[in-house]
Amino acid sequence: QVQLVESGGGLVQAGGSLRLSCVASGFTFSIYAMGWFRQAPGKEREFVATIMRSGGVTDYSDSVKGRFTISKDNAKNTVYLQMNSLKPEDPAVYYCAKARLQYHRSTGSASDFSSWGQGTQVTVSS
């Protein structure tokens, strides 16, 4: 059974940094792309970043490009999201997700992902 467990969320001042982690189990982590999405109250779930299975190729939404970095440690079955220069528009519940197919192509769509974590809250104070 696929399990994704996020951690690392919290309260940070605008301009600060947080690193989110997602530990995966129940599948062969190294052969799947992973992604991060976020959802703010009253808004739809939004694509943040994705990383291909080897970790060599990444894609980001325009809203976080240059500030966030996704990385993948296949030895630890963990995907990370390093968030720098956090802005007042970044607060949301952040979700880790496993790609539906081994051969994942980044479209930014949540339907490309088949399993989700429970989410971790990120709050930014101004």
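Check the entry above for the structure.
Residues numbered from 1 in each chain as written. Predicted model: local features only at pLDDT ≥ 70, side-chain atom pairs only at ≥ 80, totals over all residues. Heavy atoms only, no water.

Engineer: Please explain the packing of aromatic side chains as it appears in this structure.
Structural biologist: Each aromatic ring pair is summarised here by two numbers: the centre-to-centre distance and the angle between the ring planes. One pass over the structure, following the stated rule, counts six aromatic pairs. Here the aromatic residues F37, F47, F113 and W116 are joined through ring pairs into a cluster of three or more. Positioned above the aromatic ring of Y95 is the side chain of R45, whose terminal nitrogen or guanidinium carbon lies 3.8 Å from the ring centre. One residue, K98, lies across the ring of Y32, its end atom 3.9 Å from the ring centre. (Phe/Tyr/Trp six-rings, centres within 6.5 Å; stacked < 30°, edge-to-face > 60°. Lys NZ or Arg CZ within 6 Å of the ring centre and 35° of its normal.)

Engineer: How should I be thinking about the nonpolar core in this particular structure?
Structural biologist: Buried together is how nonpolar side chains tend to be arranged in soluble globular proteins. Counting 28 residues, the largest nonpolar core has W36, V79, L81, M83 and Y94 as its most contacted members. Elements with a minimum of two residues in this core: β3 (18–25), β4 (34–39), β5 (46–51), β7 (68–73), β8 (78–83), β9 (92–99) and β11 (120–125). Here this core takes four residues from β3, the largest share from any one element. Each residue touching M83, except ones within four places of it in the same chain, is listed here: G16, S17, L18, L20, R67, F68, Y94 and V122. With seven residues, the next largest nonpolar core counts F37, F47, A97 and F113 among its residues. (Core = buried A, V, L, I, M, F, W, Y, C linked by side-chain atoms within 4.5 Å. Buried < 20%, exposed > 50% of the residue type's maximum accessible area, 1.4 Å probe, protein only. Helix = DSSP H or I, 4+ residues; strand = E, 2+ residues; numbered from the N terminus. Contact = heavy atoms within 4.5 Å.)

Engineer: Which parts of the structure should I look at to understand the pairing of β3?
Structural biologist: The side chains of a regular strand alternate, residue by residue, between the two faces of the sheet. Note that strand β1 (residues 3–7) and β3 share five bridges and pair antiparallel. By the bridge assignment, L4 is partnered in β3 with A24. Across six bridges, the pairing between β3 and β8 is antiparallel. Paired with S21 across the two strands is Y80, which belongs to β8. (Pairing = 2+ DSSP bridges.)

Engineer: Can you help me understand the pattern of salt bridges in this one?
Structural biologist: When charged atoms on two side chains of opposite charge get close, those side chains can pair. Using the criterion set out here, one finds four salt bridges in the structure. With a shortest N-O distance of 2.9 Å, D90 and R38 are connected by a salt bridge. In this pair, D90 sits in the loop between β8 and β9 while R38 sits in strand β4, placing the two residues 52 residues apart along the sequence. We note that D90, like R38, is buried. A salt bridge links D62 to K65, with the shortest nitrogen-to-oxygen separation between them at 3.4 Å. Within this structure, R38, E46, R67 and D90 form a network of salt bridges that share partners. (Salt bridge = Lys/Arg side-chain N within 4 Å of Asp/Glu carboxyl O.)

Engineer: Can you walk me through the state of the cysteines in this structure?
Structural biologist: Note: disulfide means a covalent bond formed between the sulfur atoms of two cysteine side chains. Counted under the stated rule, the structure contains one disulfide. In this model, C22 is linked to C96 through a disulfide, with the two sulfur atoms separated by 2.1 Å. As the torsion about the S-S bond is roughly -70°, the C22-C96 disulfide counts as left-handed. Here the residue C22 occupies a position in strand β3, and C96 occupies one in strand β9, the gap between them amounting to 74 residues. Like C22, the residue C96 is buried in the burial classification. (Disulfide = S-S within 2.5 Å.)

Read these as layout, nothing more, since geometry by itself doesn't imply function.
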